[in-house]
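# What the coordinates show
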Amino acid sequence: MHSALLAIDLFFVIEKLVLIVAIVSISLVIAMYETYAERKVAAFIQDRRGPNRAGPFGLLQPLADGVKLFMKEEIIPNTSNRFLFILGPCLAMLAAMMTSAVVPWGGTIDFFGRQVNLQIADINIGILYVFGVVSMGVYGIMIGGWASNNKFSLMAALRGASQVISYELPMGLSLIALLMLTGSLKMSEIVAQQIDGWYNVLYQPLGFFIFLVCAFAECNRTPFDLPEAENELNFGYHQEYSSMKLGFYLFAEYINMFISSVIMATLFFGGYDIPFVNDASLSGLGNWLALLQGLSLIIKVCIFIFVFMWVRWTIPRFRYDQLMNLGWKTLIPLALVNMVVTAAIVLLKSNGWKF
Amino acid sequence: MQALTNRAKPVSRKPMTLVEKLYMWNILKGMMITLRHLFKKKATISYPEEKRPFSPVFRGLHILNRDEEGRERCTACGLCALACPAEAITMEAAERLPGEENKYREEKYAAKYEINMLRCIFCGLCEEACPKDAIYLSETFAPSNYQRKGFIYGKEDLLIPSPKENPGEYWKAVGNRKANKEQSN
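Throughout what follows, the structure given in this document is the object of discussion. A quick note: this is a predicted structure, and the numbers were derived from the prediction, not measured. (Residues numbered from 1 in each chain as written. Chains lettered and ligands numbered in written order. Predicted model: local features only at pLDDT ≥ 70, side-chain atom pairs only at ≥ 80, totals over all residues. Heavy atoms only, no water.)

## With respect to the overall build of chain B
When helices and strands are counted, chain B shows 6 helices and 5 strands. Going from N to C terminus, chain B has its helices and strands arranged as α-α-β-α-β-β-α-β-β-α-α. In terms of overall size, chain B is more extended than a compact globule, its C-alpha atoms giving a radius of gyration of 28 Å where 185 residues would be expected to give roughly 16 Å. For chain B, the spread of C-alpha atoms along the three principal axes comes to 95 × 45 × 40 Å. Looking at the 185 residues of chain B, the share that counts as buried comes to 31%. A separation threshold of at least 6 residues defines the contact pool for chain B, and within that pool the share at least 24 residues apart is 72%. Accessible surface computed for chain B: about 13,500 Å², of which carbon and sulfur atoms make up 56%. (Helix = DSSP H or I, 4+ residues; strand = E, 2+ residues; numbered from the N terminus. Rg over C-alpha atoms; globule rule 2.2 N^0.38 Å. Buried < 20%, exposed > 50% of the residue type's maximum accessible area, 1.4 Å probe, protein only. Contact = heavy atoms within 4.5 Å. Areas by Shrake-Rupley, 256 points an atom, 1.4 Å probe, with all protein chains shown as cover.)

## Digging into the interface of chain A and chain B
Opposite the 15 residues of chain A that make contact, chain B presents 19 residues. Of the roughly 1,500 Å² buried at the junction of chain A and chain B (both faces included), carbon and sulfur atoms supply 65%. In this assembly, chain A and chain B are joined by 1 salt bridge. Put simply, chain A and chain B have 9 residue pairs in polar contact (both at pLDDT 80 or more) between them. Put simply, the parts of the chain that give the side of chain A that touches chain B at least two residues each are helix H2 (10-45) and helix H12 (287-312) of chain A. (Buried area = accessible area lost by both parts, 1.4 Å probe. Salt bridge = Lys/Arg side-chain N within 4 Å of Asp/Glu carboxyl O. Polar contact = N/O pair within 3.5 Å; in protein donor to acceptor, adjacent residues only side chain to side chain.)

## Describing unusual backbone geometry
With phi around 55°, Phe57 of chain A is a residue other than glycine that occupies positive phi space. Its place among the elements puts Phe57 of chain A in the loop between H2 and helix H3 (61-71). Residue Phe57 of chain A is classed as exposed on the basis of its relative accessible area, which comes to 63%. The phi dihedral of Asp133 of chain B is positive, around 60°, even though this residue is not glycine. The topology assignment puts Asp133 of chain B in the loop between helix H4 (125-129) and strand S4 (135-137). For Asp133 of chain B, a relative accessible area of 33% translates into the label partly exposed.

## Side note on the packing of H2 of chain A against helix H11 (residues 243-268) of chain A
Residue and element names in this part refer to chain A. Closest axis-to-axis distance for the H2/H11 pair is 9 Å, and the angle between their directions is 100°. Classified by the angle between their axes, H2 and H11 sit roughly perpendicular to one another. Where H2 abuts H11, its residues Ser27, Leu28, Ile30, Ala31, Met32, Glu34, Thr35 and Glu38 lie against Phe251, Tyr254, Ile255, Met257 and Phe258. Here the residues of the contact of H2 with H11 sort into 9 nonpolar, 2 polar and 2 charged. (Axes fitted to C-alpha atoms, helices over the stretch in contact; angles between N-to-C directions. Parallel < 35°, antiparallel > 145°, perpendicular 65-115°, else oblique. Nonpolar A, V, L, I, M, F, W, Y, C, P; charged D, E, K, R; others polar.)

## Notes on the pairing of strand S3 (residues 108-116) of chain B
Residue and element names in this part refer to chain B. Strand direction decides the pairing type here: strand S2 (residues 89-95) and S3, joined by 7 bridges, are antiparallel. Its bridge partner being in S3, Glu92 is matched across the sheet by Lys112. Across 2 bridges, the pairing between S3 and strand S5 (residues 152-153) is antiparallel. Looking at S5, one finds that Asn116 is bridged to Ile152. (Pairing = 2+ DSSP bridges.)

## A word on a nonpolar patch on the surface
Residues and elements named next belong to chain B. Together, Leu18, Val19, Leu22, Met24, Trp25 and Leu28 make up an exposed nonpolar region whose accessible area comes to about 630 Å². Contributing elements (two or more residues each) for the nonpolar patch: helix H1 (18-22) and helix H2 (24-38). Within the secondary structure layout, Leu28 lies in helix H2. (Patch = residues over 30% accessible without salt bridge, like charges linked within 9 Å, V, L, I, M, F, W, Y side chains within 5 Å.)

Below you can see the structure in the form of structure tokens.
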């Protein structure tokens, strides 16, 4: 009995707890400032100035927004299903936060002789885990929309569900092509391969493009934000929500955006690898190297987040039939072709063909 | 049918070419446009710190004027109230007592002078009607208020600071509009 208890490495538990707290708070802070960045980017694209009153350059604006949301009256509609109504935003938030567990955020840190890996869980089915959790995210929308007992919310939830399911297929297919190249589902392994060789985006440009489009759709971002099409559905699935429950939905969207940027950076752009520099030659930096690597990942992610916002404020929303046409008639065939071509090349290469 | 103007343009209903159907190229073009706007000069000004200049004929809040010795010019003749198309002005006259010569220029003055800024249309007819040059419209506009009664401006709100006791405030209140007008006269 005692020996079983002692077998649990206390330091291991503490290390993972610290990592979890750090990563969760970093994602929350980044999501907070994403709302600020979104408003700034929108304003700049529209020749405005954006929020600039709260603090220097309006940097305290997210705090003010958060305080405002917390202060708002919390309304639960009479005819709604109370339990599910509260469960909806919780699930959306939970699914958004859980994905960050398998992402390698940097190399290893030497912490008083202890090698700390900057990754919460280095599981060997990392990408499958990400897919599983991401598809759970649609439950937040569906449950919230259904529990509101409002036809607009319900319609939005249905749209959200069918959209996410339709776009998960080409996303998965585009990843299969990638996985045939890497031969591993382990995120740290994929990053390690890219540190040694070229970034995967060079081998899989079409795959990356399909993944990017599907990521827009999965995050319910414009041009795929049909679940929130306010001119058709008033407000979409979060119409009946108020106060911080609404805030959770909005926040979950930003966290999703952050996480999908992280995944794209990890799978296609070398993860925490510092570009144009041989990371191994910098090993003299010690712990600073891991920090620099984390920073380079964050910078890559910021660029992706900017692309998300740039696209959002450029392209108008699709019609619903256009959305389905694009998903089923364009992206899936493209992804299939990409997969077949990649498979053929991998097969030829493994049979000794020289290119 | 003959065109009335030559500005009509026929709508092109050509089937889309492959490049157009791919849609990507047009998205890229659109994104380049938004990227250019990202770095453009912003049209917005930071309002309370920076203000746009008023037009020379701008008519704002009323000011009850004083003469050079700081005496109120108004004699409560009521011509402004009569001229006012919105009936925004009310006043009560009073007779000057001995010893008040330094306060009021003539024997009669306005004991009460009120303008309802919610009724006022800022037409400036009161200014034109005034024979004593006692009222004019300045370059400030009515600030917001929480209550309707806050928009009824009395003498204490309208009267200009005395040029003798507080010349700085006086000249600030006179503003450009009045100064320009006097120059042109």
